[in-house]
Amino acid sequence: MPRRQIRVTGAAEPPLRTPPLTGPRTPTPAPLRAALRTLRNELGVPEEFPPEVLAEAERAAREPRRAGGPPHDATDIPFFTVDPPTSTDLDQAMHLSRRPHGYRVRYAIADVAAFVVPGSALDAEAHRRVTTLYFPDEKIPLHPPVLSEGAASLLPDGTRPAVLWTIDLDADGNPTATDVRRALVRSRAKLDYEGVQRQIDAGTAEEPLALLKEIGLLREQREVDRGGISLNVPEQEIVEREGTYELVYRAPLPAEGWNAQISLLTGMAAAELMLAHATGTGSGTGVGTGTGTGTGVGAGILRTLPAAPDGAVGRLRRTAYALRIDWPHHVSYASLIRSLDPHRPHHAAFLQECTTLLRGAGYTAFRDGAVPALTTHAAVAAPYTHCTAPLRRLVDRYACELALAAAAGAAPPEWVLAALDELPARMAEGTRRAGQAERGCVDIVEAALLRDRVGELFDGTVVDVQEREPGVGTVQLENPAVVARIEGRDGDGNGTPLPLGERLRVRLTRADPGTAKVLFAPA
């Protein structure tokens, strides 16, 4: 049973971004603070950086190291970043331009390897943390802030080392040439999603920004063509107001989807480079790519997702029938979900069920030219890797190095190969902890928001029903923005079946911030 989708929106594998948390920073109420502290303790979340790690980060911030020779000087390109307005750990900067019969995408990724020495205390701490974790009352960063929010972040306040991707596209948005190299870049503007959307909608955006929509729409169409899957499910957003937290539903802006497509494009290009180098075939995209030698030096790490088993798709078809959603046999799953409106209750319930097909994603590493059996991500419908968020996700630093080596037709650095075998398991554990933290935060805020309202009635929609216990499911309230468990009156799931996709009057029977439990029953 899908518990909730806090951030399943836009492209199937959107870039890692700061989870929604808006509003002024004020002291967290004591009960909430205690519950969040307990959650962090239960998850084993590391908080303070050891002194030796902080000292290393300070030294690295002052004197970043060079790897692979002098970097390319790209400081003349007017890059810009697009992130939430309060973000300071900026992994990506872009510049978009037209070229004869197509477009050029320049995408600069923070070069974390310029600051983290392999085998150092700073490196070991990053392997312990794996990802940046976000809580309503604080952020637990992957790297010390002097790097993640300072010297390594692509802020518009100076020159930064970066891994610079240049991807040429034809008029339809298909890649025709790829180049990746180390560079020095300088961002000129720190933009946010809402401001970008306003400029593009008003027609006031300059061409490098206006092209985000043009290229984004083309890439979305290419996603449709290859059978990629995007789910447009509203997010639960934690909002801080008057010293406490509230929950609202938030519909992602189109600009967020266009931005996600640039990240997806880069992740797909990186995966193709790794695979081409491993097989000795070259990438087939021309500029700056390794031709491959077939000598068995190729290695990589991919983000993979197996295709959904027939039984899962069959279950979705039964759900569509129960929700009175027409799904002709000649219409693909990917085409169907693009036709649905998440604001319609029956469609929203079906989209929640669709998230079950996106489970099972993981990381697949390979070396010595031995390409794995599974190389694709079923939702992306192509080979893909995570390489665009190295300030906040450990694997991306390694993927950047592997892509650079593949582009140069060279063997990856020894420190990359030494970590490659254990990286998938480490990332799986870190990703699991990040998911638990995200869900736990929303659970706690939901319980705190409702703890004085036990016994009250609410209007909601049943968005999920357990197949073997039809009296147990998930209800999504209209107001406040709560998604929680609902059980029939007998409490064992064997009561009256819940009406999937239908509006339902429900009664709150439990709300305990200490245990992060919220429970409803049909009224």
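Remember, predicted model here, so these are calculated numbers, not experimental data. (Residues numbered from 1 in each chain as written. Predicted model: local features only at pLDDT ≥ 70, side-chain atom pairs only at ≥ 80, totals over all residues. Heavy atoms only, no water.)

J.: For this particular structure, what's the right way to read the overall build of the protein chain?
T.: Regarding its fold elements, the protein chain presents 13 helices and 20 strands. A globule of 523 residues ought to have a C-alpha radius of gyration of about 24 Å, and the protein chain, at 23 Å, matches this closely. With the C-alpha coordinates aligned to their principal axes, the bounding extent of the protein chain is approximately 70 × 60 × 50 Å. Out of the 523 residues belonging to the protein chain, those deemed buried represent 56%. Looking at the protein chain alone, contacts between residues at least 24 apart form 74% of all its contacts between residues at least 6 apart. Averaged over its 58 positive side-chain charges, the protein chain has a centre that lies 1 Å from the centre of its 66 negative ones. (Helix = DSSP H or I, 4+ residues; strand = E, 2+ residues; numbered from the N terminus. Rg over C-alpha atoms; globule rule 2.2 N^0.38 Å. Buried < 20%, exposed > 50% of the residue type's maximum accessible area, 1.4 Å probe, protein only. Contact = heavy atoms within 4.5 Å. Lys, Arg positive; Asp, Glu negative; His and termini not counted. Charge placed at Lys NZ, Arg CZ, Asp CG, Glu CD.)

J.: What should I look at first to understand the environment of R226 in this one?
T.: If you trace the backbone, R226 turns up in helix α6 (residues 207-226). Between the C-alpha atom of R226 and that of A334, which follows or precedes it by 108 residues, the distance is 9.6 Å. When near neighbours in sequence (up to four residues on either side) are disregarded, R226 contacts R219, M268, V380, A381 and A382.

J.: I would appreciate a short explanation of the pattern of salt bridges in the present structure.
T.: A pair can form between side chains of opposite charge whenever their charged atoms are brought close. If you walk through the whole model with that rule in mind, you get 30 salt bridges. R324 is the partner of E502 in a salt bridge, and the nearest nitrogen-oxygen pair spans 2.9 Å. One end of the pair, E502, is in the loop between β18 (483-487) and β19 (503-512); the other, R324, is in the loop between α8 (310-322) and α9 (333-338), and 178 residues separate them in sequence. The class of E502 is partly exposed, set by a relative accessible area of 27%. Overall, R324 belongs to the exposed group, its relative accessible area being 59%. By sharing partners, the salt bridges in this structure join R40, E47, D137 and E138 into a single network. (Salt bridge = Lys/Arg side-chain N within 4 Å of Asp/Glu carboxyl O.)

J.: Got a minute to help me understand the nonpolar core in this structure?
T.: A general trend in soluble globular proteins is that nonpolar side chains are found buried together. Counting 58 residues, the largest nonpolar core has L96, V105, W165, V196, L212, I215 and I301 as the members making the most contacts within it. The greatest single-element share of this core, amounting to eleven residues, is contributed by helix α7 (residues 254-279). With 57 residues, the next largest nonpolar core counts L32, L323, I444 and L500 among its residues. (Core = buried A, V, L, I, M, F, W, Y, C linked by side-chain atoms within 4.5 Å.)

J.: What is the right way to look at helix α2 (residues 51-62) in this model?
T.: Given 3.6 residues per helical turn, the α-helix brings residues three or four places apart onto the same face. Taking 1.5 Å as the rise per residue, α2 with twelve residues should run 16 Å; its terminal C-alpha atoms sit 17 Å apart, in good agreement. Residues of α2 that are buried include every one of V53, A57 and A60, and no others. Along the axis of α2, the buried positions cluster into a sector of 65 degrees, meaning they face one direction only. For α2, the exposed residues lying more than 90 degrees away from the buried face are P51 and R62. Against the buried residues of α2 lie α3 (121-129) and α4 (145-151). (Expected span 1.5 Å × (residues − 1). Arc of directions from axis to C-beta.)

J.: Explain the confidence of the model for the protein chain here, please?
T.: When pLDDT is low, close inspection of the predicted coordinates is not appropriate. Scored by pLDDT, the protein chain comes out at a mean of 88, with 90% of its residues at no less than 70. Segment residues 1-12 is flagged for pLDDT under 50; beyond a separation of four residues in sequence, or across chains, it makes 63 contacts in the model. Counting interchain partners and residues more than four positions distant, the pLDDT-below-50 stretch residues 20-27 has 23 contacts. (pLDDT = per-residue confidence, 0-100.)

J.: Any chance you could explain the packing of α6 against α7 here in plain terms?
T.: When two helices pack together, their arrangement is given by the angle between their axes and by how far apart the axes lie. Running from N to C, α6 and α7 cross one another at 65 degrees; their axes reach a closest spacing of 8 Å. Read as a crossing pair, α6 and α7 show a hand that is left-handed. Contacts between α6 and α7 pair L212, K213, I215, G216, L217, R219, E220, E223 and R226 from the former with A255, G257, W258, N259, Q261, I262, L264, L265 and M268 from the latter. Of the residues in the contact of α6 with α7, the class split is nine nonpolar, four polar and five charged. (Axes fitted to C-alpha atoms, helices over the stretch in contact; angles between N-to-C directions. Left-handed = near helix turned anticlockwise from the far one by under 90°. Nonpolar A, V, L, I, M, F, W, Y, C, P; charged D, E, K, R; others polar.)

J.: Would you take a moment to explain the sheet that holds strand β16 (residues 457-465) for this structure?
T.: The strands making up a sheet associate through backbone hydrogen bonding, with each pair oriented either parallel or antiparallel. Reading around the circumference, β16-β17-β18-β20-β19 is the order of the five strands in this closed barrel, with mixed pairing throughout. Sheet twist, expressed as the mean angle between neighbouring strand axes with direction ignored, is 50 degrees. Here five bridges tie β16 to β19, and the two strands are oriented antiparallel to one another. If you follow F458 over to β19, its bridge partner there is V506. Each of β16, β17 (472-477) and β19 touches helix α10 (residues 345-354); the most contacted strand, β16, lies at about 45 degrees to it. (Pairing = 2+ DSSP bridges.)

J.: Would you take a moment to explain the packing of helix α5 (residues 193-202) against α7 for this structure?
T.: At a minimum axis distance of 8 Å, the contact between α5 and α7 shows a crossing angle of 100 degrees. By the criterion of interaxial angle, the relationship of α5 to α7 is roughly perpendicular. Only P254, A255, E256, W258 and N259 of α7 make contact with α5, whose side of the interface consists of Y193, V196, Q197 and I200. Broken down by class, the residue content of the contact of α5 with α7 amounts to six nonpolar, two polar and one charged. (Parallel < 35°, antiparallel > 145°, perpendicular 65-115°, else oblique.)

J.: How should I be thinking about the environment of D123 in this particular structure?
T.: Mapped onto the fold, D123 is located in helix α3. Overall, the relative accessible area of 7% leaves D123 in the buried class. Along the chain, D123 and H143 lie 20 residues apart, while their C-alpha atoms are 9.0 Å from each other. For D123, the contacting residues outside a window of four places in its chain are V116, V117, P118, R397 and Y398.

J.: Looking at this model, I keep getting lost on the pairing of strand β20 (residues 517-522). Mind explaining?
T.: Each regular strand shows side chains that alternate between the opposite faces of the sheet. Extensive coverage of β20 is indicated by the burial of five of its six residues. Note: β18 against β20, two bridges, orientation parallel. Bridge pairing in β20 links R485 to L519. The pairing of β19 with β20 spans six bridges and is classified as antiparallel. Bridged to A511 within β20 is V518.

J.: Which parts of the structure should I look at to understand the pairing of β17?
T.: Of all six residues in β17, six are buried, a share of seventy percent or more. Here β17 shows a buried face lined by V472, T474 and Q476 and a second buried face lined by G473, V475 and L477. If you look at the hairpin formed by β16 and β17, you'll find six residues sitting between the two strands. In textbook terms, the turn of a hairpin is the stretch between consecutive antiparallel strands, and for β17 and β18 this stretch comprises five residues.

J.: Looking at this model, I keep getting lost on unusual backbone geometry. Mind explaining?
T.: Residues other than glycine predominantly adopt negative phi, and peptide bonds predominantly adopt the trans conformation. Here the residue pair N479 and P480 is connected by a cis peptide bond, since its omega of 5 degrees sits within 30 degrees of zero. One can find P480 in the loop between β17 and β18. Its identity is not glycine, yet V130 carries a phi of approximately 75 degrees, on the positive side. Its place among the elements puts V130 in the loop between α3 and β6 (133-134). Accessibility expressed as a relative area gives 4% for V130, which makes it buried. Phi at D368 takes a positive value of approximately 55 degrees, unusual for a residue other than glycine. Here D368 shows up in the loop between β13 (362-366) and β14 (376-377).

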